[in-house]
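Summary of structural features
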Amino acid sequence: MDLVNIGFIILVIKIALSVVPAIVGFYLIFCSIDQKREIKRFICRSLFGSGSVFTTEAFARFLVVVGLLLIVFSGLFAWFFLISGML
């Protein structure tokens, strides 16, 4: 079992931390308005007990900003922990 060692497990975790936020970010940016409404209802019911605390347009903009931040985080994490070590 030379392949499964602590260095390989750390590499898999680094790759996951580089890829998963980007996937979630792209989903939040490019999902349809109906999916954004469902996300809004779920979050509002979970946090506030009501399904319509925020307007859909404002929440959709918020999801786009969060998606962009996740993509930036993913890129920065990939650069500092994966790519810069290979140079």
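Everything in this summary refers to the structure shown in the same document.

Concerning the overall build of the chain
Secondary structure summary: the chain contains three helices and zero strands in total. Start at the N end of the chain and walk to the C end: the helices and strands fall as α-α-α. A globule of 87 residues ought to have a C-alpha radius of gyration of about 12 Å, yet the chain, at 17 Å, is considerably larger. For the chain, the C-alpha atoms occupy an extent of roughly 55 × 25 × 20 Å along the three principal directions. The proportion of buried residues among the 87 residues of the chain is 23%. Surface summary for the chain: the accessible area is close to 6400 Å², and the carbon and sulfur share equals 75%. Averaging the locations of the 7 positively and 4 negatively charged side chains of the chain gives two centres separated by 9 Å.

Describing the state of the cysteines
A full pass over the atoms with the stated rule returns zero disulfides. Cysteine Cys31 remains unbridged, with the sulfur of Cys44 as its closest cysteine sulfur at 15 Å.

Details of the packing of aromatic side chains
The relation between two aromatic rings is expressed through the spacing of the ring centres and the mutual angle of the planes. On inspection of all chains with the given rule, the structure shows six aromatic pairs. On the basis of an interplanar angle of 75° and a centroid distance of 5.9 Å, the ring pair of Phe48 and Phe54 is categorised as edge-to-face. Classification of Phe54 by relative accessible area gives partly exposed; the value is 37%. Among the aromatic residues, ring-to-ring pairing joins Phe48, Phe54, Phe59 and Phe62 into one connected group.

Conventions we followed
- Residues numbered from 1 in each chain as written.
- Predicted model: local features only at pLDDT ≥ 70, side-chain atom pairs only at ≥ 80, totals over all residues.
- Heavy atoms only, no water.
- Helix = DSSP H or I, 4+ residues; strand = E, 2+ residues; numbered from the N terminus.
- Rg over C-alpha atoms; globule rule 2.2 N^0.38 Å.
- Buried < 20%, exposed > 50% of the residue type's maximum accessible area, 1.4 Å probe, protein only.
- Areas by Shrake-Rupley, 256 points an atom, 1.4 Å probe, with all protein chains shown as cover.
- Lys, Arg positive; Asp, Glu negative; His and termini not counted.
- Charge placed at Lys NZ, Arg CZ, Asp CG, Glu CD.
- Disulfide = S-S within 2.5 Å.
- Phe/Tyr/Trp six-rings, centres within 6.5 Å; stacked < 30°, edge-to-face > 60°.

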